[in-house]
Amino acid sequence: MNPKQKKMSDILNEQIGSLAVEIEKILAEFKNVYDKEVSSLILAGGTAKLFGLKEFFEKSFKKPAIIASPFDDFNYPVVLENRLKAIGPSFAVALGAGLMGAES
């Protein structure tokens, strides 16, 4: 491999490391403002199921990490259950946006 080329895992580690630094700042700010600790992390979005990400955050922050399951409170045919569990994290934001104002 060309020395200038990076492995995908190296690139991902750099990005996840940068994300972890930002999350640490947010956790510290939350504690400062509310005088409470965040008890767990919720992973959502297309990369929430990235191999090892959940475990990385649990180890880094010593808190449980939960992969979002936004379809849990919806009724749907049982045949869709496995598929919705698999794609759910990717649709968390879209589902939330679609529900805005639906409760009024």
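To be clear, the structure that these remarks concern was listed above.
Rules used in this analysis
- Residues numbered from 1 in each chain as written.
- Predicted model: local features only at pLDDT ≥ 70, side-chain atom pairs only at ≥ 80, totals over all residues.
- Heavy atoms only, no water.
- Helix = DSSP H or I, 4+ residues; strand = E, 2+ residues; numbered from the N terminus.
- Rg over C-alpha atoms; globule rule 2.2 N^0.38 Å.
- Buried < 20%, exposed > 50% of the residue type's maximum accessible area, 1.4 Å probe, protein only.
- Contact = heavy atoms within 4.5 Å.
- Areas by Shrake-Rupley, 256 points an atom, 1.4 Å probe, with all protein chains shown as cover.
- Lys, Arg positive; Asp, Glu negative; His and termini not counted.
- Charge placed at Lys NZ, Arg CZ, Asp CG, Glu CD.
- Arc of directions from axis to C-beta.
- Phe/Tyr/Trp six-rings, centres within 6.5 Å; stacked < 30°, edge-to-face > 60°.

S.K.: Break down the overall build of the protein for me, with residues and values.
M.R.: Secondary structure summary: the protein contains four helices and two strands in total. Shown N-terminal to C-terminal, the secondary structure of the protein runs as helices and strands in the order α-β-α-β-α-α. Relative to the compact-globule value of 13 Å for 104 residues, the protein shows a C-alpha radius of gyration of 17 Å, a clear excess of over 25%. Oriented by its inertia axes, the alpha-carbon framework of the protein measures out at about 50 × 45 × 25 Å. The buried share among the 104 residues of the protein stands at 17%. Nonlocal contacts in the protein, meaning residues at least 24 apart in sequence, comprise 51% of its contacts between residues at least 6 apart. Accessible area for the protein stands at about 8,200 Å²; split by element, carbon and sulfur atoms hold 60% of it. Here the protein contributes 13 positive and 13 negative side-chain charges, whose respective centroids are spaced 7 Å apart.

S.K.: Go over unusual backbone geometry with me, naming the residues and quoting the values.
M.R.: A positive phi is found at Asp35, a non-glycine position, where the angle reads about 55°. Here Asp35 lies in the loop between helix H1 (8-34) and strand S1 (41-43).

S.K.: Report on the side chain of Lys63, specifying residues and quantitative values.
M.R.: Within the element layout of this structure, Lys63 appears in the loop between helix H2 (53-61) and strand S2 (65-67). Exposure remark for Lys63: the relative accessible area of 14% places this residue in the buried category. Ignoring any residue separated from it by four or fewer positions in sequence, one finds Lys63 in contact with Leu27, Glu37, Val38, Ser39, Ser40, Phe57 and Glu58.

S.K.: Kindly report on H2, identifying the contributing residues and their values.
M.R.: Considered for burial, the residues of H2 that qualify are Leu53, Phe57 and Phe61. Projected down its long axis, H2 carries its buried residues within an arc of 45°, all on one side. Following H2 by one or two positions, Lys62 has its phi on the positive side, about 50°.

S.K.: With reference to specific residues and values, describe the packing of aromatic side chains.
M.R.: By convention here, two paired aromatic rings are described through the distance between centres and the angle between planes. Evaluation of the coordinates by the stated rule reveals four aromatic pairs. With a centroid separation of 5.5 Å and 65° between ring planes, the pair formed by Phe56 and Phe57 is classed as edge-to-face. Judged by relative accessible area, which is 2%, Phe57 ranks as buried. Seen from their ring centres, Phe57 and Phe61 are 5.9 Å apart, and the 25° between their planes marks the pair as stacked. With Phe57 and Phe61 both in helix H2 and four residues apart, the pair spans about one turn of that helix. Among the residues examined, Phe61 registers a relative accessible area of 9% and is labelled buried.

Function cannot be read off these values alone, since they describe shape.
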